[in-house]
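Listed below are the residues making up each chain.
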Amino acid sequence: AEILSILKEYGIKATFFVVGQNAEEHPSLVKQAAEEGHEIGNHTYSHPKLKEQNAESFSYELEKTRAVLESITGISPILFRPPEGFREGVIKTVAKEQGYQMVLWSVDTEDWRGLSADRIEKAIMKDVKDGSIILCHDYVAGQSHTPEALRRVIPQLLEEGYEFVTVSDLVRKR
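The present account deals with the structure reproduced in this document. (Residues numbered from 1 in each chain as written. Predicted model: local features only at pLDDT ≥ 70, side-chain atom pairs only at ≥ 80, totals over all residues. Heavy atoms only, no water.)

### Thoughts on the environment of proline 83
Link 1 in the chain: Residue placement: proline 83 occurs in the loop between strand S3 (79–80) and helix H5 (90–97).
Link 2 in the chain: The exposure class of proline 83 is buried, given its relative accessible area of 1%.
Link 3 in the chain: Once the C-alpha coordinates of proline 83 and threonine 93 are considered, the two residues, 10 residues apart in sequence, prove to be 16 Å apart.
Link 4 in the chain: If we skip the residues at most four places from it in the chain, proline 83 touches His43, Thr44, His47, Pro48 and Leu50. (Helix = DSSP H or I, 4+ residues; strand = E, 2+ residues; numbered from the N terminus. Buried < 20%, exposed > 50% of the residue type's maximum accessible area, 1.4 Å probe, protein only. Contact = heavy atoms within 4.5 Å.)

Written as C-alpha cells, this is what we have:
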C-alpha cells in the first residue's frame, strides 16, 4: 500500500509481477493497483524454485496465478517474470505456450535481502539508464526499506529527465 501511495503521489505507473498466493491473501491491493492503472504480471503461484519444476507443475503455477489475477482484476496477464530470473528448459517453453512474454530486469536493487535505503538507492542510481527495468520488491522478510529508497530515487530520476512507464509501454516505445 505504501508503494502504491508513493507512485500515486508522483503520477507514476509501474508493473507489478504478482505471486498468486499473495494476491489471494491481499486481493484489495492487487485490485487497487490495477484500478490505478498499474500493469499486473504473473510471478507464479507459490514462487517455487523453477529449476525443480517439471512442465506440469510449472504450467499449474502459471494457470493458477492467471485465474487468481483474472478473478481480482478482470484482466488476464500477458507478462511473466520468472522467480530468480530462471528461464531455461520447460520454463521458457511452457511460458511461451501459454502466451506469456517473459520479462527480466536490468537494474537489480537486491532489496529482497532487506538492504538499507541507502544501498537500494545507490544500486539504482549506479546502474540506471534509458530503457532500464528496475527490479524492486513490495514485500520482503523483515523490514523493507524499498519505500524509503523510492521516495529518494523517484524525484532524482524525474529531475534527470527520466520517465517512468509500465513494461508494456516500454516495449511499445522501443
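Now that the structure is up, let's keep going.
### Observations regarding the environment of proline 27
Link 1 in the chain: Relative to the helices and strands, proline 27 resides in helix H3 (residues 27–35).
Link 2 in the chain: A relative accessible area of 35% means that proline 27 is categorised as partly exposed.
Link 3 in the chain: Counting along the chain gives 45 residues from proline 27 to isoleucine 72, while the straight-line C-alpha distance between them is 6.4 Å.

### Notes on helix H4 (residues 55–73)
Link 1 in the chain: With 19 residues, H4 ought to run about 27 Å at 1.5 Å a step, and its terminal C-alpha atoms sit 27 Å apart, in line with that.
Link 2 in the chain: What H4 keeps buried is the set Phe58, Ser59, Glu61, Leu62, Thr65, Arg66, Val68, Leu69, Ile72 and Thr73.
Link 3 in the chain: One side-chain oxygen at the N-terminal end of H4 lies 3.0 Å from the backbone nitrogen of glutamate 56; it belongs to asparagine 54.
Link 4 in the chain: Backbone geometry just after H4 places glycine 74 at a positive phi near 80°. (Expected span 1.5 Å × (residues − 1). Polar contact = N/O pair within 3.5 Å; in protein donor to acceptor, adjacent residues only side chain to side chain.)

### Concerning the packing of helix H1 (residues 2–10) against helix H7 (residues 146–159)
Angle between the axes and distance between the axes: these two values describe a pair of packed helices.
Link 1 in the chain: Interhelical geometry of H1 versus H7 gives an angle of 15° and a closest axis separation of 10 Å. Between H1 and H7, the interaxial angle falls into the category roughly parallel. Handedness of the crossing formed by H1 with H7: right-handed. Contact residues: Glu2, Ile3, Ile6, Leu7, Glu9 and Tyr10 in H1; Thr146, Pro147, Leu150, Arg151, Ile154, Pro155 and Leu158 in H7.
Link 2 in the chain: Within the contact of H1 with H7, the residues separate by chemical class into nine nonpolar, one polar and three charged. (Axes fitted to C-alpha atoms, helices over the stretch in contact; angles between N-to-C directions. Parallel < 35°, antiparallel > 145°, perpendicular 65-115°, else oblique. Left-handed = near helix turned anticlockwise from the far one by under 90°. Nonpolar A, V, L, I, M, F, W, Y, C, P; charged D, E, K, R; others polar.)

What is shown is where atoms sit, not what they do.
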